[in-house]
Amino acid sequence: MRKKVDVIAMSATPIPRTLNMSLAGLRDMSVIETPPRDRLAIQTHVVQFSEPVVRSAIELELQRSGQVFFVHNRVETIYTIAELIQRLVPQARIGVGHGQMNEKALEEVILLSSVTS
């Protein structure tokens, strides 16, 4: 029965297991190299942390009806950073998710962040 089942899996970056299965001939892999029409290129700026820069970047994205994902590297201080962002940009809706949360709590954060205002 499994021989007649088609499976599609999508990933932004191929993980080692997927690459290994492809190289071993167990799974075919296709790569989409053409971006969607009208897609804008990602702009990356590396700057020293500054509250005015954070505020400006978030406000600019919200003005164009976009989303912001602020990545922080310490679970211990992630809520402090969330409070800082809320203070800097009061109109922003903030959700905090991290790997130490239980599955249900993390799912709630993800579902709430996907709701449009």
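Residues numbered from 1 in each chain as written. Predicted model: local features only at pLDDT ≥ 70, side-chain atom pairs only at ≥ 80, totals over all residues. Heavy atoms only, no water.

> A description of helix H3 (residues 78-88) should follow, citing residues and the corresponding values.
Taken together, the buried positions of H3 are Ile-78, Ile-81, Ala-82, Leu-84, Ile-85 and Leu-88. All buried residues of H3 project into a common sector of 160° when viewed along the axis, lining one side. In H3, the exposed residues that point more than 90 degrees away from the buried face are Thr-80, Glu-83 and Arg-87. On its buried face, H3 sits against helix H2 (51-63). (Buried < 20%, exposed > 50% of the residue type's maximum accessible area, 1.4 Å probe, protein only. Helix = DSSP H or I, 4+ residues; strand = E, 2+ residues; numbered from the N terminus. Arc of directions from axis to C-beta. Contact = heavy atoms within 4.5 Å.)

> I'd like a rundown of the layout of surface pockets, residues and numbers included.
Approximately 1200 Å³ is the volume attributed to the largest pocket. Considering the residues around the largest pocket, the lining is formed by 26 residues, among which Gln-43, Ala-57, Glu-61, Val-68 and Phe-69 are closest to the centre. Split into classes, the residues belonging to the lining of the largest pocket amount to 15 nonpolar, eight polar and three charged. For the second largest pocket, the calculated volume is near 1000 Å³. Within the residue set of the lining of the second largest pocket, elements represented by two or more residues are H2, H3 and helix H4 (103-113). Considering only residue class, the lining of the second largest pocket consists of 18 nonpolar, 13 polar and three charged. (1 Å grid on protein atoms, 1.4 Å probe; cavity = no way out; pocket = protein on both sides within 12 Å on 5 of 7 lines; lining within 4 Å. Points joined across faces, edges and corners; volume = space filled by probe spheres on them. Nonpolar A, V, L, I, M, F, W, Y, C, P; charged D, E, K, R; others polar.)

> Lay out the confidence of the model for the chain with the relevant residues and their values.
When the pLDDT values of the chain are averaged, the result is 85; 91% of them are 70 or greater. Put simply, helix H1 (residues 16-23) is where the chain has its lowest mean pLDDT, 78, and H3 is where it has its highest, 97. (pLDDT = per-residue confidence, 0-100.)

> Can you tell me about a nonpolar patch on the surface, naming the residues and giving the values?
Side chains of Phe-49, Leu-62, Val-68 and Phe-70 sit close together on the surface and give an oily, nonpolar patch of about 340 Å² of accessible area. Assignment of secondary structure puts Phe-70 in the loop between H2 and H3. Here Phe-70 falls in the partly exposed class, since its relative accessible area comes to 36%. (Patch = residues over 30% accessible without salt bridge, like charges linked within 9 Å, V, L, I, M, F, W, Y side chains within 5 Å. Areas by Shrake-Rupley, 256 points an atom, 1.4 Å probe, with all protein chains shown as cover. Salt bridge = Lys/Arg side-chain N within 4 Å of Asp/Glu carboxyl O.)

> So what about the pattern of salt bridges? Which residues, and what values?
Taken as a whole and assessed by the stated rule, the structure comprises two salt bridges. The closest approach of N and O atoms between Glu-51 and Arg-87, which form a salt bridge, is 3.9 Å. Of this pair, Glu-51 sits in helix H2 while Arg-87 is found in helix H3, placing the two residues 36 residues apart along the sequence. Put simply, Arg-64 and Glu-61 hold a salt bridge, and the shortest N to O gap is 3.0 Å. By relative accessible area, Arg-64 is classed as exposed at 51%.

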